[in-house]
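Breakdown of the fold
Residues per chain are reported as follows:
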Amino acid sequence: MRKTGVIEKARTWAYGDYVDTDVLAPGLYMKSPMEVMAAHCLETIDPDFVLNVRPGDIICAGKNFGMGSSREQAAQSLVFHGVAAVLAPSFGGIFYRNAINHGLMALVCAAAPRIASGHHVSINAVDGCVQVEETGNEYPCEPMPEHLLAMLADGGLVSHLNRRFKE
Amino acid sequence: MTSTLTQKIIAHAAGRDTVSPGEIVICKVDLAMIHDSGGPRRVQPILDKLGIGVWNPEKVVLISDHYVPAVDAESARILNMTRKFASDQNLPNFYDMQGICHVVLPERGHLKPGMFVVGGDSHSPTGGAFGCFMFGIGATDMAGVLATGETWVRVPETIRIELTGGMRPGVSAKDIMLALCARLGMDGGDYQVIEYAGDTVSTLPMPERMTLCNMAAELGAQTGIIAGDGITADFIRNAGAHPGDIDRWQNDPGAPVRETHRIDIAALGPQVAAPHSPANAAAVAETAGTKIDQAYIGACTGAKLVDLQMAAEVLRGREVASGSRLLVAPASQKDMAAAAADGTLAILTAAGAIMMPTGCGACAGYGAGVLAEGEVCIASTARNFRGRMGAASSEVYLGNPYTVAAAAVVGEIIDPREFLS
Ligand code: SF4
């Protein structure tokens, strides 16, 4: 069984600072169903992303990732494509909450901008450690507490509560 | 270990002795505030899916303000659903059409220092003026709170804003915030907590402190907070509640602060933010002469009793310029009644102001008073994002209530101090 909070050799997509919620979930498609919205995720800065992203990939970005509006679709679009985690030195506050509530791991990692696209990264969110296979570099990240990792493993807040109430 | 006020509140809500910034903890919520727009219609489907009701109706305050009064079938349906939720869930604290949530909540004595409060609205930081840790969350988050009475939080760092000196005539808390938006930018708050302190703050009345905390949202902070004092306690007592232990909910001396910004208020004049961001703020002289179609005194930010009184100071014995219009939507029924009792309303209406229902109104384009294509408005609200108050090509300038009233009198943006004796 996969260990909660551990991701192994995930392929990276690297982006810069200030990737905002309009880049993740363009306002133009807010009324469209999730698959349409998700098809435009990140297209304004990287048209290649939606064409080649694979479930289990992760994003390594610069500061204030997800800044902007409170729209939950910004996190949901990434979840739709199976993105397993976002690493960044800081996050837009509401995006950070939305990401975790929708089952997307968001890790505060000061070194995230130093990780290149197309590399492979292993994460241990319990101990707070990130390892890049190609370079052999190891970086610290803020660890996540068990209760949030359990929520992520369940696929987000609502499914987590659903399971809790059924037990 | 020394702790900030915020750390103390979070530690208490998490059942811990202390917490450190960056740590993620689960907190018991003392109060959850929801409104007609982001509340029942968004959380009900999630609660239904979970097959559960509100964890503790006593700790939930529901307020209808965004769609009041109904202007079409859809807003009527939303309000109807809001009222049904209140009765289905047996909510003892439902304020229907009593004013804007952030103003009604403290006005009815629901906030006091030390509380851990969540609100289903981005201007929930307003509540921090009462020494509580109150922040805004989205619908999924809120459904989780309503189902369990708990939520998780990443302990924020504190950014301290020290305000010193007395405010000059024609200047208000709104100008302080606009100046801060220009100086720090809309992500200057970095989702941390902004604490306001200094001798300016300790003499400010509660409604003005609420404006400081309200616009912490525009600085991108998780919330704003002001430690309680005698003024806080008096306000809470007047609202019919008990202020609790004010002395307990203070910062420890030397508590960790990430950065401190000092601002001399005595040197500050009225500020105006040009379209389409509060961060485009500058001294009123920069935008003076801009023709306006509409002046709007409204919102949780700029239509409390003190704001109405500021507008009246300018409007006493004057009239709204022909070709422009002044709309006034008082922040709450209580503030409206108080403004009627002290003669403020009479001054506004004699000047030709159009009185609107209490509620969010045109602030976010939900209610009456929205703008046509190409129209220009100056408003006492908090945000001037593109299209927020109506048509996409409309333009909104932000100013304090004096400045908005003065613009209504001349039909263009002008330094309001010319009208103050
Ligand atoms: S008055 Fe405006 S800013 Fe305040 S809660 Fe209503 S819509 Fe939001």
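Structure's up top.
Residues numbered from 1 in each chain as written. Chains lettered and ligands numbered in written order. Predicted model: local features only at pLDDT ≥ 70, side-chain atom pairs only at ≥ 80, totals over all residues. Heavy atoms only, no water.

Looking only at helices and strands, chain A features seven helices and seven strands. Taken from the N to the C terminus, the helices and strands of chain A come in the order β-α-α-α-β-α-β-α-β-β-β-β-α-α. Relative to its length of 167 residues, chain A is compact, with a C-alpha radius of gyration of 15 Å against a globular reference of 15 Å. Principal-axis analysis of the C-alpha atoms gives chain A an extent of 40 × 40 × 25 Å. Within chain A, contacts between residues separated by at least 24 positions form 66% of all contacts whose residues are at least 6 apart in sequence. Summed over all atoms, the accessible surface of chain A reaches about 7,400 Å², with 53% contributed by carbon and sulfur. Side chains of chain A carry 13 positive and 18 negative charges; the gap between the two charge centres is 5 Å. (Helix = DSSP H or I, 4+ residues; strand = E, 2+ residues; numbered from the N terminus. Rg over C-alpha atoms; globule rule 2.2 N^0.38 Å. Contact = heavy atoms within 4.5 Å. Areas by Shrake-Rupley, 256 points an atom, 1.4 Å probe, with all protein chains shown as cover. Lys, Arg positive; Asp, Glu negative; His and termini not counted. Charge placed at Lys NZ, Arg CZ, Asp CG, Glu CD.)

Further remarks concern the nonpolar core. Grouped together as the largest cluster of nonpolar side chains are 100 residues, with contacts concentrated most on Leu163, Leu180, Tyr196, Leu212, Leu315, Leu326 and Leu348 of chain B. Two domains each donate at least three residues to this core, and these are domain 1 (5-241 + 249-264) and domain 2 (270-419) of chain B. Dropping the residues within four chain positions of it, Leu315 of chain B is found in contact with Leu326, Ile347, Leu348, Ala351, Ala405 and Val409 of chain B. Residues Leu104, Val130, Cys141 and Val158 of chain A belong to the second largest nonpolar core, which totals 95 residues. (Core = buried A, V, L, I, M, F, W, Y, C linked by side-chain atoms within 4.5 Å. Buried < 20%, exposed > 50% of the residue type's maximum accessible area, 1.4 Å probe, protein only. Domains from an automatic or database assignment.)

A few words now on the site of the ligand. All names here are of chain B. The ligand sits among His66, Ile100, His102, Asp121, His123, Ala299, Cys300, Cys360, Cys363, Ala364 and Arg388. Split into classes, the residues belonging to the shell around the ligand amount to six nonpolar, three polar and two charged. Of the domains in this structure, domain 1 (5-241 + 249-264) and domain 2 (270-419) are the two that each give at least three residues to the shell around the ligand. (Near = heavy atom within 4 Å. Nonpolar A, V, L, I, M, F, W, Y, C, P; charged D, E, K, R; others polar.)

Quick look at the interface of chain B and chain A now. Each partner contributes to the interface: chain B provides 23 residues, whereas chain A provides 23 residues. Carbon and sulfur atoms make up 61% of the area that chain B and chain A hide from each other, which totals about 2,100 Å². A per-residue breakdown of the area chain B buries against chain A is headed by Leu50, Thr140 and Trp152 of chain B, which together make up 31% of the total. At the surface where chain B touches chain A, the tally comes to two salt bridges. The closest approach of N and O atoms between Asp141 of chain B and Arg97 of chain A, which form a salt bridge, is 2.6 Å. (Buried area = accessible area lost by both parts, 1.4 Å probe. Salt bridge = Lys/Arg side-chain N within 4 Å of Asp/Glu carboxyl O.)

It is worth spelling out the sheet that holds strand β4 (residues 93-96) of chain B at this point. Residue and element names in this part refer to chain B. Here we have five strands laid out as an open sheet, ordered β4-β3-β2-β5-β6, and parallel in their pairing. Here the strands that pair on one side only, and so sit at the sheet edges, are β4 and β6 (133-136). Averaged over all pairs of adjacent strands, the angle between strand axes in this sheet comes to 15°, irrespective of strand direction. Two elements, strand β5 (residues 116-119) and β6, share four bridges in a ladder whose sense is parallel. Counterpart to Phe116 in the pairing with β6 is Phe133. (Pairing = 2+ DSSP bridges. Axes fitted to C-alpha atoms, helices over the stretch in contact; angles between N-to-C directions.)

A word on helix α6 (residues 146-154) of chain A. Within α6 of chain A, the full set of buried residues consists of Leu148, Leu149, Met151 and Leu152 of chain A. Angular distribution of buried residues about the axis of α6 of chain A spans 155°; they occupy a single face of the element. Residues of α6 of chain A that are exposed and point over 90 degrees away from its buried face: Glu146 and Ala153 of chain A. Those residues of α6 of chain A hidden inside the fold are in contact with α5 (93-101), β4 (105-108) and α7 (157-166) of chain A together with β1 (24-28) and β7 (150-154) of chain B. (Arc of directions from axis to C-beta.)

With that out of the way, let us pick up the pattern of salt bridges. Residues and elements named next belong to chain B. This model, assessed by the stated rule, comprises 25 salt bridges over all chains. Between Lys8 and Asp252 there is a salt bridge, with the nearest N and O atoms lying 2.8 Å from each other. Placement of Lys8 in helix α1 (residues 5-13) and of Asp252 in the loop between α9 (230-238) and β11 (259-264) is noted, with a sequence separation of 244 residues between them. Taking the shortest distance from any N to any O, the salt bridge between Asp88 and Lys84 comes out at 2.8 Å. Taken together, the positions of Asp88 and Lys84, both in helix α3 (residues 73-88) and four residues apart, correspond to about one turn of that helix. What emerges from the salt-bridge pattern is a single network uniting Glu157, Asp190, Arg258 and Glu259.

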